[in-house]
Amino acid sequence: MRLTGAGYQIREALRLFRYAQAQLPKEVSSLEQESHTGEAQWQKYHHDVIQPAWSKRFGDQSAAPLADEHDPAAVWLRQQYIVNNPKPIGKKDQLLSGAESSFYNQVHVAYHPAFEQLQKNLQLDDLLLIEANTRRVLYSVAKRTDFQSMVGQGATFESSLNHAIQELTKVASQTPDVMFLTDLEPYGPALGEHRLFVVAPVFENDQVQGFLALQLSADRLQALLSQDGKWSGLGKNGDVTLVGEDLKSRNTPRLFIADAKAFLAGPAKAWPKGAKADMERAGNGVGRLKVDIRPVTQALKGKPYSGEGGDALGRPSLLHTSALQIPGFVEGASPRWVLMSALPKEDALRREGELSFNPLWTLLLALGLSGASVAWVMRRKEASGGHAAPAGVVDI
């Protein structure tokens, strides 16, 4: 098995990380003993490092819970790559070699630089390789508390990642090309910040062996929506809002980004109870602004709107709303979103903008969400008993 070269196959990476982890009991004679102290040190790390970072965002609220871990190899690897990692929280990915002379470390040294570079190139928040049977996160770039956890336990119990894997497990064998795009939701291992995932199955011999999960941050989604802060064609105050099926915004208002203090001092008409204080503490408006207006509710029913109306902040505006269709995802495998562009009428009268709904926004979202996954998970047909054997392939 070649660990270096011009191209990597996701399925080979998954197989190697799984095999390497299984070899740890043979390689580390004191694995069982170290796992006992490792679990206590993991709890201490959670108390001394994770909880203070969580408290900065949520006050006295307790951090997302950790699941009890009884697998010695998983405990040992978390110890090597997280607890003993000298890099601060948020920069754990900078550690290349952690697990001493183990084969897992060899695999990590071979794959991690390329995965980390792709994470940066695609502006992903993290990249995870997850084993199918146990749902254990065998590898992650960022090395947060989900590394070596089993998806569906502890901090990932009610996560969108868990939901995506549950749904893919049901349909992947019948629909091998399926991918799943989650909604933007709080994610415990990311210190409760909003994240979305693009998840795809990894096949070998027509069997699902695991999952590749690409994680995107709310900031990345904001950059896609605003065209990296340009808001082209929307004057000085126009905005683009992504609205979910719950009629709450999935991004932060432009005016908040420009002047948070002045924005929060404004009228509270569109704010649910406590939303302003929550937004001030978190520093963003994701999931906090209610956009319950007819142009949005109609767009959710498949009826786009172009005309006058109040925007997300209640300002008289020229609006365009449309359900966002993201290619590459089958029905039911992506969230129902509405994209609303709004140009305040006062800007339009001063000719400081022109509301022309730019399909580029949709294209940017498609490229940013499904394009990244398509670049990562490419399917090719191989001769295998006269039928296709899909394989996840990545060229680096």
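Residues numbered from 1 in each chain as written. Predicted model: local features only at pLDDT ≥ 70, side-chain atom pairs only at ≥ 80, totals over all residues. Heavy atoms only, no water.

Here we come to helix H1 (residues 10–27). With 18 residues, H1 should cover 26 Å at 1.5 Å per step; its first-to-last C-alpha distance of 25 Å lies within 8% of that length. All of the buried residues along H1 are Ile10, Arg11, Glu12, Ala13, Leu14, Leu16, Phe17, Ala20, Gln21, Gln23 and Leu24. (Helix = DSSP H or I, 4+ residues; strand = E, 2+ residues; numbered from the N terminus. Expected span 1.5 Å × (residues − 1). Buried < 20%, exposed > 50% of the residue type's maximum accessible area, 1.4 Å probe, protein only.)

With that out of the way, let us pick up the packing of H1 against helix H4 (residues 103–121). Following both chains from N to C, one finds H1 and H4 inclined at 150°, their axes separated by 8 Å at the closest point. One element, H1, and the other, H4, form an angle in the roughly antiparallel class. In this structure, H1 crosses over H4, and the sense of that crossing is left-handed. Touching Ile10, Glu12, Ala13, Leu16, Phe17, Tyr19, Ala20, Gln21 and Glu27 of H1 are Phe103, Tyr104, Val107, His108, Tyr111 and Phe115, all from H4. Class assignment for the residues of the contact of H1 with H4 results in 11 nonpolar, two polar and two charged. (Axes fitted to C-alpha atoms, helices over the stretch in contact; angles between N-to-C directions. Parallel < 35°, antiparallel > 145°, perpendicular 65-115°, else oblique. Left-handed = near helix turned anticlockwise from the far one by under 90°. Contact = heavy atoms within 4.5 Å. Nonpolar A, V, L, I, M, F, W, Y, C, P; charged D, E, K, R; others polar.)

Glancing now at the packing of aromatic side chains. The way to describe two aromatic rings as a pair is by their centre distance and the angle between their planes. Counting across every chain of the model gives 11 aromatic pairs. Arranged with centres 5.5 Å apart and planes meeting at 45°, the rings of Tyr111 and Phe115 form a pair that is tilted. Here Phe115 and Tyr111 lie together in helix H4, a separation of four residues that amounts to about one turn. Using a relative accessible area of 1% as the deciding quantity, one classes Tyr111 as buried. Clustering of aromatic rings is evident, with ring pairs tying together Phe17, Tyr81, Tyr104, Tyr111, Phe115, Tyr139 and Phe147. Taking NZ or CZ as reference, Lys143 lies 5.4 Å from the ring centre of Phe147, over its face. (Phe/Tyr/Trp six-rings, centres within 6.5 Å; stacked < 30°, edge-to-face > 60°. Lys NZ or Arg CZ within 6 Å of the ring centre and 35° of its normal.)

Note on sheets: strands pair through backbone hydrogen bonds, and any given pair is parallel or antiparallel. Here we have four strands laid out as an open sheet, ordered E8-E11-E10-E9, and antiparallel in their pairing. Only two strands of the sheet have a single partner each, and these edge strands are strand E8 (239–243) and strand E9 (305–310). Here the strands of the sheet are splayed against their neighbours by 30° on average, with no regard to which way each runs. Where E9 meets strand E10 (residues 316–323), six bridges bridge the pair, whose relative direction is antiparallel. Counted as the bridge partner of Gly309 is Ser317 from E10. (Pairing = 2+ DSSP bridges.)

Considering the arrangement of structural elements, one finds Arg136 in the loop between strand E2 (126–131) and strand E3 (137–140). Given a relative accessible area of 8%, Arg136 falls into the buried group. Reaching out from Arg136, the side chain makes a polar contact with the backbone oxygen of Gln148 at a distance of 2.5 Å. Arg136 has contacts with Gln21, Glu69, Asp71, Ala74, Leu129, Ile130, Glu131, Gln148, Ser149 and Met150, leaving out every residue within four places of it along the chain. (Polar contact = N/O pair within 3.5 Å; in protein donor to acceptor, adjacent residues only side chain to side chain.)

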